[in-house]
Amino acid sequence: MASDDTFLRRAVAVLTAFRADDDALGAAELARRSGLPRSTAHRIALDLVEAGLLERQGTRVRLGLKLFEIGQRVPRQRVLRDAAVPYMSDLREATRQTVHLAVLEGTEVVYVEILGSPGGPKLPSKVGGRLPAHVTGVGKAILAFSPPDAVQAVLDAGLVKASERSVTAPGLLARELATIGREGVAYDREESGRGIVCAASPVLGPDGLAVGALSVSGWSNRLRLAAVAPAVHTAALTLSRTLGQRQGAGAP
């Protein structure tokens, strides 16, 4: 019998095989993505179904509701999201565009909340989904206000292309991050997807480092970045102050 540590590693491999746009996966695809033998992936999946972390859908499985419930208890995500939603709602009302809240995890951004806008573009982002930090406005906004080792990790991982306009030259990214650090606003000019643009600003902690970022996204032929950038910047600054006041008051 596999040790508890081995089972845990295999369970994590199965759970992280799911992508943001997946519904359900079969044993063969789980095995391919997790790197486990098919029989092992199938057995682990059954154990996770029994635990409520996966759910059956015919002969396939999908992520279970219990995972969502657990995710909502993550303190950093919950506190940041709860504080951000009123400002995100105001931003959406003012701009009539899609508003994102994201955090950095490793070399990728994870989307904590998205308030969509009717008529907006089909975006590559989803709540709980990930994108390479260097191709997104929120990612660049966070990196510009992160310790040097966070930026170096992104460079070391390689600047992959998400679109033909993605920045893949380390020097260009470094210069862009320096500009963002001075101005407080980052832009995605069709770097994460064709026809999609956004303006983003970091949400800062008391130490001046980014804990997340807000952005407004829309069609490149409809959204004037210069027009929405001040609103995004103001919302992020105000959210930063709100979070600082809550921490100072000892809020959980």
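Up top is the structure.
Along every chain, residues carry numbers that run from 1 in the direction the sequence is written. Residue-level local features of this predicted model are given only where pLDDT is at least 70; pairs of side-chain atoms are given and counted only at 80 or more, and the full residue set underlies all totals for whole chains, interfaces and linings. Processing note: side-chain calculations cover all non-hydrogen atoms of the structure and skip hydrogens and water entirely.

Thoughts on the nonpolar core
Soluble globular proteins tend to bury their nonpolar side chains together. As a reminder of what qualifies: Only buried residues count toward a nonpolar core, which is a set of Ala, Val, Leu, Ile, Met, Phe, Trp, Tyr and Cys residues joined through side-chain atoms within 4.5 Å. Exposure classes here rest on a 1.4 Å probe applied to the protein chains alone. A residue is buried below 20% of its type maximum, exposed above 50%, and partly exposed in between. Under the DSSP-based scheme used, a helix requires at least four consecutive residues in state H or I and a strand at least two consecutive residues in state E, with every element numbered from the N terminus. Two residues form a contact once any of their heavy atoms are found within 4.5 Å.
Membership of the largest hydrophobic core comes to 27 residues, with the highest contact counts inside it found for Met-88, Leu-91, Leu-101, Ala-199, Leu-214, Val-216 and Leu-239. For this core, the secondary structure elements donating two or more residues are helix H5 (75-95), strand E3 (98-105), strand E4 (108-115), strand E7 (196-204), strand E8 (210-219) and helix H9 (225-248). When residues in this core are grouped by element, the largest group, eight residues, is from H9. Those residues within four positions of Val-216 in sequence are excluded, and the remaining contacts are Leu-91, Thr-95, Gln-97, Thr-98, Val-99, Val-197, Cys-198, Ala-199, Leu-223, Val-228 and Val-232. Grouped together as the second largest cluster of nonpolar side chains are 25 residues, Ala-102, Val-167, Ala-210 and Ala-213 included.

A look at the sheet that holds E4
Strands belonging to one sheet form pairs held by backbone hydrogen bonds; the direction of such a pair is parallel or antiparallel. Using the following cut-off: Paired strands are those between which DSSP finds at least two bridges. Helix axes are fitted to C-alpha atoms over the stretch in contact, other axes to C-alpha atoms as well, and angles between N-to-C directions run from 0 to 180 degrees.
Taken in spatial order, the six strands make up an open sheet running E5-E4-E3-E8-E7-E6, and their pairing is antiparallel. This sheet does not close on itself; its edge strands, each paired only once, are strand E5 (130-132) and strand E6 (186-189). Within this sheet the neighbouring strands show an average axis-to-axis angle of 30°, counted without direction. Relative to E4, E3 is paired through seven bridges, and the arrangement is antiparallel. Across the sheet, the residue bridging to Ala-102 is Tyr-111, located in E4.

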